[in-house]
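Residue-level listing of the chains:
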Amino acid sequence: WLGTGARAQRESTCTCRMADAMDEEALIDAVAVLKLANPGATAKEVHDLLTKLDGWADESLSRVKKACSKAGKRGLTEKQEQCTGAAEAIRPEA
């Protein structure tokens, strides 16, 4: 039946969008933690730090810039008292 394939394709597309949204949220969270650990870091500097961490090696600078912007607009980079422990845990060793 032709309709079944179209439905499966729509469901697959929906699942991919949900995964993309979850990936974007994870990136925003990671960027926020790095910004907290490295106040004043530029998006390029955050990208350099992020790509040294497991699971983020292939992340593009463009997506990191966008995530930095979203994290800033959400105020995630200003809540140090709530995230200090997480920031310390993710801070790369010099």
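Residues numbered from 1 in each chain as written. Predicted model: local features only at pLDDT ≥ 70, side-chain atom pairs only at ≥ 80, totals over all residues. Heavy atoms only, no water.

The predicted coordinates should not be examined in detail at positions where pLDDT is low. When pLDDT is averaged across the protein chain, the result is 79; 63% of the residues are at 70 or more. For the protein chain, helix H4 (residues 80-90) is the element with the lowest average pLDDT, namely 53, and helix H2 (residues 43-50) is the one with the highest, namely 97. (pLDDT = per-residue confidence, 0-100. Helix = DSSP H or I, 4+ residues; strand = E, 2+ residues; numbered from the N terminus.)

Turning next to the nonpolar core. Membership of the largest hydrophobic core comes to 16 residues, with the highest contact counts inside it found for Leu27, Val31, Leu34, Val46, Leu50, Trp56 and Val64. Put simply, the parts of the chain that give this core at least two residues each are helix H1 (2-37), H2 and helix H3 (61-73). In terms of residues, this core owes the most to one element, H1, which gives 6 residues. Among residues more than four places away in sequence, those in contact with valine 46 are Val31, Leu34, Lys35, Ala41, Val64 and Cys68. (Core = buried A, V, L, I, M, F, W, Y, C linked by side-chain atoms within 4.5 Å. Buried < 20%, exposed > 50% of the residue type's maximum accessible area, 1.4 Å probe, protein only. Contact = heavy atoms within 4.5 Å.)

Before going further, it helps to examine H3. Under the 1.5 Å per step criterion, the end-to-end length of H3 is 18 Å for 13 residues, consistent within 8% with the ideal 18 Å. Taken residue by residue, H3 has Val64, Ala67, Cys68 and Ala71 as its buried positions. Considered in projection along H3, the buried side chains sweep an arc of 105 degrees and stay on one side of the axis. Counted as exposed and oriented over 90 degrees from the buried face of H3: Ser62 and Lys73. Backbone geometry just downstream of H3 places glycine 75 in the positive-phi region, at approximately 75 degrees. (Expected span 1.5 Å × (residues − 1). Arc of directions from axis to C-beta.)

With that settled, consider the side chain of lysine 35. With respect to the helices and strands, the residue lysine 35 is situated in helix H1. Although lysine 35 is buried, it makes no salt bridge; glutamate 45 carries the closest opposite charge, 7.2 Å away. In this view, lysine 35 contacts Ala41, Val46 and Thr77; residues no more than four positions away in its chain are not counted. (Lys, Arg positive; Asp, Glu negative; His and termini not counted. Salt bridge = Lys/Arg side-chain N within 4 Å of Asp/Glu carboxyl O.)

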